[in-house]
Amino acid sequence: MPEQQPYEPEGAVAGTGMGGAMDLAASEATTLERPPGAPKGLGPVGKPRSLWSDAWCDLRRNPVFMVSALVILFLFLISLWPSLIAPGDPLLCDLSKAQEGSQPGHPFGFDGQGCDVYTRTVHGARTSVTVGVCATLGVALLGSVLGGLAGFFGGAWDAILSRTTDIFFAIPVVLGGLVLLSVVTSNTVWPVVGFMVLLGWPQISRIARGSVITARQNDYVQAARALGASPARILLRHIAPNAVAPVIVVATIALGTYIALEATLSYLGVGLRPPSVSWGIDISAASPYVRNAPHALLWPSGALAITVLAFIMLGDAVRDALDPKLR
């Protein structure tokens, strides 16, 4: 009877007993790269490749990803330093200029209160991006942990999580926001972020649960378990890297959705409230006089639409790059 080989923590390859080897994790697989000067017919030699490096190579050649990434990078820059392109005060208003159109130094004109639409549109990006990023991180972290544990261990924990997510899916998002946020007196972004995390984690948990269930049935997981790997190591080292791709895709697309949800709640008066600067607040304030001053509604609405579209396009590009079936 052949002697059983010990489990090597850093080794991702186990002998098959037939002169070959078997990868324990797809993320640890290596693709070989052709050496410089070698004929094209030869196979590649020497450089490790993974799903993530292959995905990055595909993304760099995808014009949709590049355009959306540049738009998002610009949004992050103006969110961190809005005074770089809009040095004015978004709360400084002059009623004598109310509803006036474009003027030198004020390319977007003025709203109904005489505030500079350009300055408020630029400064409103900070609120929207902050809410979207914080809500997405919270939802992805909470949903991934709960869904991953439920998919890995199964049993009663899985049943409880499934019934809990069914309850949350039955709550209308906008109606829930009207009820929960109407009693909040704080005028910061954190109540809005907390509400989005509270109602958004079930979607990510379902995605994470299904991805973990699929990954734990693969051969490399069974091999790691047979070689004596602990459940924690199997989950963190072998399953999580191969199950996280769908979560990243859904979270990226959901980020744009959360930005639109914040604008919707602010438009309805239960999200952010004045004197906060938000695209939803500006759209709500400009709606009554859209016929007299359409520019006050056009610019914040356009900024919101471009932002949401950029994140959705980014999520679609990431999905195409991380899905092996589309290669």
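Rules used in this analysis
Residues numbered from 1 in each chain as written. Predicted model: local features only at pLDDT ≥ 70, side-chain atom pairs only at ≥ 80, totals over all residues. Heavy atoms only, no water. Patch = residues over 30% accessible without salt bridge, like charges linked within 9 Å, V, L, I, M, F, W, Y side chains within 5 Å. Areas by Shrake-Rupley, 256 points an atom, 1.4 Å probe, with all protein chains shown as cover. Salt bridge = Lys/Arg side-chain N within 4 Å of Asp/Glu carboxyl O. Helix = DSSP H or I, 4+ residues; strand = E, 2+ residues; numbered from the N terminus. Buried < 20%, exposed > 50% of the residue type's maximum accessible area, 1.4 Å probe, protein only. Phe/Tyr/Trp six-rings, centres within 6.5 Å; stacked < 30°, edge-to-face > 60°. Contact = heavy atoms within 4.5 Å.

1. Details of a nonpolar patch on the surface
- A grouping of V173, V174, L175, L178, V179, L180, L198, Y267 and L268 is seen on the molecular surface, where their side chains present a nonpolar patch of about 720 Å² in accessible area.
- Here the nonpolar patch gets six residues from one element, more than from any other, and that element is helix 5 (residues 173-181).
- Relative to the helices and strands, V174 resides in helix 5.
- For V174, a relative accessible area of 35% translates into the label partly exposed.

2. What to know about the packing of aromatic side chains
- Overall, the coordinates contain five aromatic pairs when judged by the stated rule.
- Summarising the aromatic geometry, the rings of F168 and W201 are spaced 5.5 Å apart at their centres and angled 65 degrees between planes, so their arrangement reads as edge-to-face. Residue F168 is found in helix 4 (residues 155-169), and its partner W201 is found in helix 6 (residues 190-215); the two are separated by 33 residues along the sequence.
- Here the aromatic residues F108, Y118 and W299 are joined through ring pairs into a cluster of three or more.

3. Observations concerning the environment of Y118
- With respect to the element layout, Y118 can be found in helix 3 (residues 117-153).
- Expressed as a C-alpha distance, the spacing of Y118 and I85, which sit 33 residues apart in the sequence, is 9.7 Å.
- In contact with Y118, not counting residues within four places along its chain, are I85, A86, P107 and F108.

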